[in-house]
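Spelled out, the chains give:
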Amino acid sequence: MLIGILFPLNLSLLNFLILFLLFTTSINAQKQMPNIDLNSISGETVNPSKDFNEKDKLYVFSFWATWCAPCINELEAIHKKQESWKENLNLEIIAVSIDDARTQKRVKPFLNGKGWSFNVLLDTNQELKRSLSIVNVPYTIVVKNSKIVFVSNGYSQGSEDELYSKMKEL
């Protein structure tokens, strides 16, 4: 009753809006990985859509920055669990740094201190981030057969377990 007073929409219009939001979310979930070249941490040119496309393999792209504490927490949690995940899933983790030209020089020393074993790509111009309409980090996408099949924005303790559960369904 209160909703009807605050939002004078009839039920069918409200249902339409809910369905529209669900539909547009599912469209975004099926988006192709953009064809953009990035540099790896070792300086090699890498194209995520071409170089990470083994059939039926899951690719987890975690967008992060050295200045983002939740990003670092998420990657630490994923790092601790990735070996057990790989026992059950055909997967690869790719950390995509969005550090810009000003903070990019911190990435290598930061990684040396962490000992993370995943591939690290540098999105220095944030071209990949923009093409995926990523507003803030941490932002994690799962790609299978060159299609984005799952998206997660933000991190809280335990989110990595939800990510793993979702990947097992794929």
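As a starting point, this report considers the structure included with it.

Calculation notes
- Residues numbered from 1 in each chain as written.
- Predicted model: local features only at pLDDT ≥ 70, side-chain atom pairs only at ≥ 80, totals over all residues.
- Heavy atoms only, no water.
- Helix = DSSP H or I, 4+ residues; strand = E, 2+ residues; numbered from the N terminus.
- Expected span 1.5 Å × (residues − 1).
- Bend = angle between axes of the 7 residues up to and from the residue.
- Buried < 20%, exposed > 50% of the residue type's maximum accessible area, 1.4 Å probe, protein only.
- Contact = heavy atoms within 4.5 Å.
- Pairing = 2+ DSSP bridges.
- Axes fitted to C-alpha atoms, helices over the stretch in contact; angles between N-to-C directions.
- Disulfide = S-S within 2.5 Å.

Taking 1.5 Å per residue, 20 residues should reach 28 Å; helix 4 (residues 69-88) reaches 29 Å between its end C-alpha atoms and fits that length. Remark: the principal bend of helix 4, roughly 50°, maps to Gln-82. Taken residue by residue, helix 4 has Cys-71, Ile-72, Glu-74, Leu-75, Glu-76, Ala-77, Ile-78, Gln-82 and Trp-85 as its buried positions. The inward-facing, buried residues of helix 4 abut strand 3 (58-64), strand 4 (91-97), helix 5 (107-114), strand 6 (139-144) and helix 7 (159-169).

Turning our eyes to something else, we now look at the sheet that holds strand 5 (residues 119-122). Within the open sheet, the seven strands sit side by side as 2-1-5-4-3-6-7. Their pairing is mixed. Two strands in the sheet have a free side with no partner beyond their single neighbour: strand 2 (45-46) and strand 7 (147-153). One ladder, built from seven bridges, connects strand 3 with strand 4; its direction is parallel. Across the sheet, the residue bridging to Leu-58 is Leu-91, located in strand 4. Against the sheet, helix 4 engages strand 3, strand 4 and strand 6, with an angle of about 165° to strand 4. Along the sheet face, helix 5 touches strand 3, strand 4 and strand 5 and points at about 120° away from the line of strand 3.

Throughout the structure, instances matching the rule amount to one disulfide. Between the sulfur atoms of Cys-68 and its disulfide mate Cys-71 the distance is 2.2 Å. On the sign convention where negative means left-handed, the S-S torsion of about 75° between Cys-68 and Cys-71 marks this disulfide as right-handed. Owing to a relative accessible area of 1%, Cys-71 belongs among the buried residues under this scheme.

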